[in-house]
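# Chain and residue survey
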Amino acid sequence: MEPSVDFPSLGILPKQETGALSFQSANPDYDGRGIVVAILDTGCDPGADGLQLTSDGRPKYLDVIDSTGSGDVDTSTQVTVASVVDNQNILISPITNNRLRLKQEWIADNKNAYFNVGAIRAYHFFPKPLRNRIEKQRNEKFGHKLAASLATLQRDIAAKTAVLQNAKKDEMSVDEQRALKDEIEDMRALYGELAKEKNSGAGPIFDVIVWFDGTQYNAVLNTLSMDKYANATPSSCLTSAGAPQGSSDAADAKSNEDDSEDSTVLVSLADNGDKPANVVYDLSSCAVLTNYRRSQKYGTISNETMLHYVLNVYDAGKLVSVVVAGGSHGTHVAGIVSAYYKDDASKNGVAPGAQIVSIKIGDTRLGTMETNQGLMRALYHIRENKCDLVNMSYGEPTTRCQTGCFPKGVESLVWKYGIMFVSSAGNAGPCLTTAGAPQGSTDAILGIGAMFSPQMVQSQYGLVQKGDDGVTVANHHQAYSWSSRGPTMDGAIGVKIMSPGGAIAPIPEYTLAANQLMNGTSMSSPNACGNIALLLSALKQQGLAYTPFGIETALINTANNDALSQVDTCARGYGLLQLHAAYNYCVKHAEFISSPVTHFEVEINGDNRRKQRGIYIRRVIDRENGSLSFGCSVTPKFREGVSNSVKLAYQFKCALKTDCPHWIVPAPFTLIASDGRSFEIRVDAYKVLQSSSAPVFRGYIYGYDHDNAAVGPLFRVPVTVCNVLSYPLPPSLSLSQHAQSNVGSGYVFRRRDALRTGSVARVFHRVPNGASAARVSIKCVSTKDDKQLRFVYASLYGKSKGEQVTYERWCRMKSGDELSTSLQRVEPNTVLETTMCQYALSFGESVVEWSVEFVGPSVVCNDNAAIAMSAGDQCGMLSLRTTALGCTDEANKINPVVKFDTLASYYSPQFATINKDALVELGDVDIANQDARVRTLELEYAFDQLIAGTKCLLRFMQINDLLYEATLEGCFWQLFDANKQLIGYGEAFDESTEIAKQKGYVLKLQLRSADVALLERYKGLVLRVDTVLTAKHQVTCDVYTSKLDLANGSGKVTSAFVLRGNSNCDLFFTAPNVKKLELKQIETGTQWLGYLKLNKDSKSELRPKFRSNGQRGSASLCIAITCNLIQEAKAAESRDKLPEIKSDDAAAEDADEDKKLSMEEKQRDAMVDWMSKKLKGDERKKAFEMFGDDLLLKYDSLPLWMLKLDIYKDDGEADQVMAIVDAILKQIDTTELAAFFGKKVVDKTDEKYKKESKKYKEQKTAVIEALRVKLATIKKGISSKSGDGVKDAILDFKRVSKEDLAPFEAVYKELAQWNDAEKDKKMFDLNLWYNLQKGLIAKALAMVNEKINGNGNGKEDKAVSKEQVEMKVKLYETFLPKQQWSFLTEQYALDIYKKYPADFTAF
């Protein structure tokens, strides 16, 4: 059946709404050609479909850069060319020990005498979705191989079992049967041990080789092992990787790929043909790359991954940046800007002729979170690549505007270098003041909000666009519900214009999908950016000069405000971008758009606020304070290099107008010279609030050029007034639509709204004095189907806290559904905004009743800050006070709980180093500060994690939560365990990291700034480690209503009680018991963090967003508690304790003990003590040679013989050692010794028994140690005779005959009479060798596993050593069939490389 209508392709990647489609149709050459757009994002895929060529055949990407450092490889290690030539063109990497065959031409072309080498773990830079895909595949393949190998082992077990069961006495002796049975049992145990193995997910390791050919540095990434890793295939089966790819050599690369199967990894076999030794990676088929800006070429990791990469070489070959797309976002954004599909124009980006510079600012290590290091380096690369335009679909909330090194850098980029900068407004709406940084922090950025059209709904979302009555409702443009709103905290507009915020665009090939639907202001920003690229392309081709200010003014003055009439004014900014009108404006006012003025600096002072960019009134207004006066200064800023004569001649006859003359009254005129001018603005907020019940009023003051009014406003001053409710509310009789009612309480706001597609109900409340919490209740009165509703609850704090705190709840409701949130904390006398909206893509109408109820009590505790106490105080206190907002309602009763659940430890840096060698080519310069070199401060911290926790937060409180507003140009830390394994990363925001209970952690922090004095200030920056404790170590404290009850331990609060209005109540609680932590020692300054929750039964239902202003995660009514810990004092000794009673004989014997010893005997003991405790190694041996033998001749004492044994047991001759052992054993009557330990003792407190016990314990210890040494000496002799363990005890293991082993077994049995020899820790190596000699492989493996698991999780809390893991690998390599188990041993090799690096990973 043929479709009745054409596919709505125009909405796939929207261009019609802004006029871009018709503009290109009318002007085919103005399609972005000649324009270079920088994409600051997660990084773009250089191999993505649609992003290979421009519409006029040029390479789409001019440069591909990672400014975060997430793919950096240290290639400073050198291998001489001569050594490679001598080894038949094979380079042996000193980092990975891999053998790499190089092409002869690389060696011939190398103008240096060395190759630079490095290595990087694939999962260090792979995007997370790809890692997950590869590991899912590998898990399956690994499981299959493990199952197959185990099945082979099981068949061997079954065959041997059958032999044993069918054995006849005349064919197999009893000893042989017992040996076979032991072997079968060991094989079964081995099966059990091997069955526990699983894929570790370490990922492959890639070597990096760099050489200089006299012109450029070339690099190769050894990716040969990738596909075989994914399929758990041994390296002996490896095949080659693909050749380099790029826009100019794509066909050749494809050809090379098809012919590459013959180029395999070379494998030389051992003599037995079984062991793959000396695997050689033939790199001839790997992509040879140089910096992308020079070559426009990229490589592909493998056919399995489809991950394309770029290699950029820096610092004369000492650093290689492996650049990949960290996610799909950046490629999608680039596709919206300028994708080009030769055969399907409907999929084209807005400006298919524009070229792209991809700059990765999203750090892969942090889940593509941006960092200041990446942002600041990006500014340098934008300038160096001569970009015309920047798109940044990134951002975060911010605590302050008009500050921070990155916003200042952007201002320099825009106003000094003339580069347009476009950024997304954010997806934090629909509340006001949700437009975040960077675009909300500076006027230099054009902030873009997100809208959608009916055509987009049809093409992208596949929704039925009809309402409940069947009438089409999506017949107008609408804002997405989540599109952020203005104004900013300092009154600026926040969102300047809107553009389509959804698109189906290309994504990286590693996703195995050609394109994807995404929506957000991340999509509206590149859509606007593409439109601007078309405009700049047209102007450039016509030879019309312009400035970013001129272009922005053209866009704003021509934006279509009427097209967004259904969108609230704080979301739409100045309107919908209109390309045709903006182009006509630029042509008509060509002189203006190229004027020397870069921008007008607007500064507002008044209403107790200074240096604001707009007027923002968000407080209760009454008749007395409703008419406000503001001073406004406007100063023109000129581009760098403008002559003084131009500034001197500058005169701006400014005519001031407003669109709201009934309540906004500016001075009518002002004459502005080059140094600026001030004028007065009067705002009658009371008047406008009396005129309407609307929640928000927005107006503007426009500054026109009186002599050239046709240009339109040259600057605007936004004025925003919020209609804030004051409590208690007056009574109301009905609850009609859009009417409020407070029947029953003056502190309950009720309202009914008829919500439609994208509509927003917004209310501002001045939190009443005495309130500490609010509750929201929602009821869907009527709707014809489920509607997705969103309730958002936000407080904007002022100067003192300077941030927005938001909680939100999405819910899908049908008629009759009700929802009531738990109590959420509020602060008295602040303004709380509550919004209720129906999701923008949820069609039809829903009638909703909702209420906001404020309750007490207020907390009298240092202005609601945390309770501070000391464990030494043994108690804490909190005062509660209620006003008319009493807790009389059953749901608001007080039922307190005090809980301590987090341990905070503090550490000062051990080392601090300021590095003054900046690398300019990486972008380590401050373009806002005359290109000053960026320096680094590296701080090193060491700590032990002494207690287990569910997670840990690593914080630097002085710089925490600062990104766009930060003055530091970078903050990044790396966490290492005792083996130097990198186990965590982080930057300025709280990062949750799993830190096992172990010793020896090292954290390295790098701070970056061009201001060395600033770095000096941070040399003492303290690290805070917050450990969220397990349930075992959390403590709940008793709560009382009086101090007397607490002191007596009676009358604790066990049930809820009512705290009525206008009353006070004190709560007292016990301090947490430090013993619960089970810590032997408490670090100085350690704190136990907890909270007091006023109602332990309340549960949070609103989700806290981003920063939570110090509140705990539940966001419900909790007061934080900080308890300083002290070392638990020893229990006081009772004066009533009875003294120890000794017999007269025992006391006299103790007193005369020393008298019995002669002076010579005391000298002997002193000499023994000196040699055994004070001396070590050769010094001790020399001392014994001088004095020891003489002492032995004279005294023949056991301690002397034990000392001699300790000295000679490792390097003495066998006969000498055995003689010492025999001498020791002759000293001891073993029969008497055995009799002592064999007899039953009734009274162990008897003095005689104590003395005998000490003597015989010393003798027993001596016997055991002597027999251990005897075993070791016998084993050494056996091994020497058989050639066993020549270099390595396991790899070179050889089984000896029973006759040769017999002496060892005899002594072993003797030792077993005195201790449990099998479990003796000092016998580990001997037991391992003995089990291997007996063929008990599983028992040997169990020993190694126990050692690994014991050290990793035991009482010593030490990290597992490399030697222990290597021992396990050697057992597998030596005793398991290689053909079946090499996949497992190779996995352990990857694990060892990951967990035991040679050095700390560099920043």
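Right, let's walk through the structure included here. Source: prediction; values computed, not measured. (Residues numbered from 1 in each chain as written. Predicted model: local features only at pLDDT ≥ 70, side-chain atom pairs only at ≥ 80, totals over all residues. Heavy atoms only, no water.)

As a further point, take the packing of helix 15 (residues 548-558) against helix 17 (residues 579-588). Where helix 15 contacts helix 17, the two axes come as close as 8 Å, and the packing angle between them is 130°. By the angle class used here, helix 15 and helix 17 are oblique. At the point where helix 15 passes helix 17, the crossing takes the right-handed sense. Facing I551, T553, A554, L555, N557 and T558 of helix 15, the residues of helix 17 in contact are A581, A582, Y585 and C586. Counted by class, the contact of helix 15 with helix 17 contains seven nonpolar, three polar and no charged residues. (Axes fitted to C-alpha atoms, helices over the stretch in contact; angles between N-to-C directions. Helix = DSSP H or I, 4+ residues; strand = E, 2+ residues; numbered from the N terminus. Parallel < 35°, antiparallel > 145°, perpendicular 65-115°, else oblique. Left-handed = near helix turned anticlockwise from the far one by under 90°. Contact = heavy atoms within 4.5 Å. Nonpolar A, V, L, I, M, F, W, Y, C, P; charged D, E, K, R; others polar.)

The next thing to look at is the sheet that holds strand 9 (residues 217-221). One open sheet holds the five strands; their spatial order is 4-7-8-9-13, and the pairing between them is antiparallel. Pairing within the sheet leaves two strands with one partner each, and these edge strands are strand 4 (77-80) and strand 13 (288-289). (Pairing = 2+ DSSP bridges.)

This part is about a positive patch on the surface. The grouping of K997, K999, K1080 and K1358 at the surface amounts to a positive patch. Within the element layout of this structure, K997 appears in the loop between strand 59 (991-993) and strand 60 (1001-1009). The class for K997 is partly exposed, based on a relative accessible area of 36%. (Patch = residues over 30% accessible without salt bridge, like charges linked within 9 Å, V, L, I, M, F, W, Y side chains within 5 Å. Areas by Shrake-Rupley, 256 points an atom, 1.4 Å probe, with all protein chains shown as cover. Salt bridge = Lys/Arg side-chain N within 4 Å of Asp/Glu carboxyl O. Lys, Arg positive; Asp, Glu negative; His and termini not counted. Charge placed at Lys NZ, Arg CZ, Asp CG, Glu CD. Buried < 20%, exposed > 50% of the residue type's maximum accessible area, 1.4 Å probe, protein only.)

Let us now look at the packing of aromatic side chains. All told, the structure shown has 44 aromatic pairs when counted by the stated rule. Relative to F1187, the ring of W1170 lies with its centre 6.5 Å away and its plane at 65°, an arrangement referred to as edge-to-face. Here F1187 lies in helix 26 (residues 1177-1195) and W1170 lies in helix 25 (residues 1159-1174), a separation of 17 residues in the sequence. The structure contains a cluster of three or more aromatic residues connected by ring pairs, namely Y123, F125, F126, F206 and Y229. For the cation-ring pair, K1004 lies above F1400, with the distance from its terminal atom to the ring centre recorded as 4.7 Å. Over the ring of F1237 we find K1260; its NZ or CZ atom is 4.9 Å from the centre of that ring. (Phe/Tyr/Trp six-rings, centres within 6.5 Å; stacked < 30°, edge-to-face > 60°. Lys NZ or Arg CZ within 6 Å of the ring centre and 35° of its normal.)

It is worth spelling out the environment of G1000 at this point. You can see G1000 is positioned in the loop between strand 59 and strand 60. Its relative accessible area of 29% is what places G1000 among the partly exposed residues. Residues contacting G1000, with those up to four places away along its chain left out, are F943, D944, F976, D977 and A978.

The next thing to look at is the sheet that holds strand 57 (residues 970-976). Across the sheet, five strands lie side by side as 52-55-60-57-58; this open sheet has antiparallel pairing. Each end of this open sheet is capped by a strand with a single partner; those strands are strand 52 (911-915) and strand 58 (982-986). With direction set aside, neighbouring strand axes in the sheet form an average angle of 15°. Sheet topology note: the strand 52/strand 55 (residues 935-943) ladder contains five bridges and is antiparallel. Residue A912 lies in a different strand from strand 55, and its bridge partner there is L939.

This brings us to the pattern of salt bridges. One side chain can pair with another of opposite charge once the charged atoms of both are near each other. Applying the stated criterion across every chain, the model contains 46 salt bridges. Ionic pairing is found between D66 and K360, a salt bridge with its closest N-O pair at 4.0 Å. Of the two residues, D66 sits in strand 2 (residues 61-66) while K360 sits in strand 17 (residues 355-360), which places them 294 residues apart along the sequence. Since its relative accessible area comes to 6%, D66 is described here as buried. Given a relative accessible area of 1%, K360 falls into the buried group. A salt bridge links E1016 to K1019, with the shortest nitrogen-to-oxygen separation between them at 3.3 Å. Bridged by salt links that share partners, the residues R1180, D1206, K1209, E1265, R1268 and D1320 form one connected network.

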